[in-house]
Amino acid sequence: MKEFLGIGGYTREPEGYLSWQHILFVGSLLCLMIALAIWLGLRNRNRDIHTRNKVLILTAILMDAIEIAKIAIMCYRSDDPSTWQNHLPLFLCSIQLITIPLAAFAKGRVKEAALDFVFVFGLLGAVLGTVGAGQNYNAYPVLSLDNVASGLTHCISGFASLYIVLSGQASMKKRNIPITYGILCVFCMAAYVSNILLDTNYMFLVRGDGTPYDILYNLMGGSPVLYPIGVVVLFLVYIAAFYGVFFLIRRKRTAKASEAA
């Protein structure tokens, strides 16, 4: 357990990004994520809102509990009192630590907007935080606290996204689009300020660190101005594209239903 938790440092060499161990581990997590989302989403689709919401409540509690336990252990095993500065919930995927509980416990438009936000970003976070997490799998063994906890929380986020749409809880109303943009922009601003004050790399606004963001970083020549602007623009473009594809699919399905009637 000390080796798994990294207490005293890991003695095993990291298997490496895109090693068979990495692919097998994240592939298993993603398959489990999809299977559970399909099973629970379709099972609860026609049930009352309280029954559908119970799954989100358990999802929110489990995700936050894993993340809090991971941060506590990381701080305990480190001799550096400033370790906590690198584990603030200011990554793109960390936003779900707040929005999933909002989707589960809030009411009215806040709940509606949170459900949409989780739907839009949950699956993206699951893929980027497992398949795309080169910085983690090059630094730590696959079966370690750092990678297992990260893999679980990212896949829980992806599960929530799929479950929300499969259980019929994604409203995707146009009036919620500004709220989605607003949530993201607030977190980007907080991450940017933290990066300046704490010398961190939240939301990967400073550099790519072995993730797909390195592509943009290289295209921008590592510019400290253009690169973070480019990251934020990509987020905003992704939101617009996601809503656009969703509306297109919904319009086509409505047209087919009308023709069949």
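As the structure is a computational prediction, the values presented were derived from the model and not from experiment. (Residues numbered from 1 in each chain as written. Predicted model: local features only at pLDDT ≥ 70, side-chain atom pairs only at ≥ 80, totals over all residues. Heavy atoms only, no water.)

S.K.: Explanation requested: the packing of helix H3 (residues 49-77) against helix H7 (residues 145-166) in the structure shown.
M.R.: When two helices pack together, their arrangement is given by the angle between the helix axes and the distance between those axes. Axis separation between H3 and H7 bottoms out at 10 Å; the angle between their running directions is 160°. Between H3 and H7, the angle is such that the two are roughly antiparallel. Considering the relative orientation of H3 and H7, their crossing is left-handed. (Axes fitted to C-alpha atoms, helices over the stretch in contact; angles between N-to-C directions. Helix = DSSP H or I, 4+ residues; strand = E, 2+ residues; numbered from the N terminus. Parallel < 35°, antiparallel > 145°, perpendicular 65-115°, else oblique. Left-handed = near helix turned anticlockwise from the far one by under 90°.)

S.K.: Sorry, what's going on with the nonpolar core here?
M.R.: Where a protein is soluble and globular, its nonpolar side chains tend to be buried together. Counting 63 residues, the largest nonpolar core has Leu92, Leu184, Met203 and Phe235 as the members making the most contacts within it. Mapped by element, the contributors of at least two residues to this core are helix H2 (20-44), H3, helix H4 (96-105), helix H5 (108-128), H7, helix H8 (177-198), helix H9 (213-219) and helix H10 (226-260). Ranked by the residues each element gives to this core, the list is headed by H7, at ten residues. Among all residues touching leucine 184, those that are not within four sequence positions of it are Leu92, Ile95, Phe117, Phe121, Met203, Phe235, Leu236 and Ile239. (Core = buried A, V, L, I, M, F, W, Y, C linked by side-chain atoms within 4.5 Å. Buried < 20%, exposed > 50% of the residue type's maximum accessible area, 1.4 Å probe, protein only. Contact = heavy atoms within 4.5 Å.)

S.K.: Looking at this structure, I do not really get H3. What am I missing?
M.R.: Since there are 3.6 residues in each turn of an α-helix, residues three or four apart along the chain are aligned in direction. With 29 residues, H3 extends 42 Å between its outermost C-alpha atoms, agreeing within 8% with the 42 Å of an ideal straight helix rising 1.5 Å per residue. By the burial criterion, the buried members of H3 are Arg52, Asn53, Val55, Leu56, Thr59, Ala60, Met63, Ile66, Glu67, Lys70 and Met74. On its buried side, H3 packs onto H2, H4, H5 and H7. Where H3 begins, the capping side chain belongs to aspartate 48, and its oxygen is found 3.1 Å from the backbone nitrogen of histidine 50. (Expected span 1.5 Å × (residues − 1). Polar contact = N/O pair within 3.5 Å; in protein donor to acceptor, adjacent residues only side chain to side chain.)

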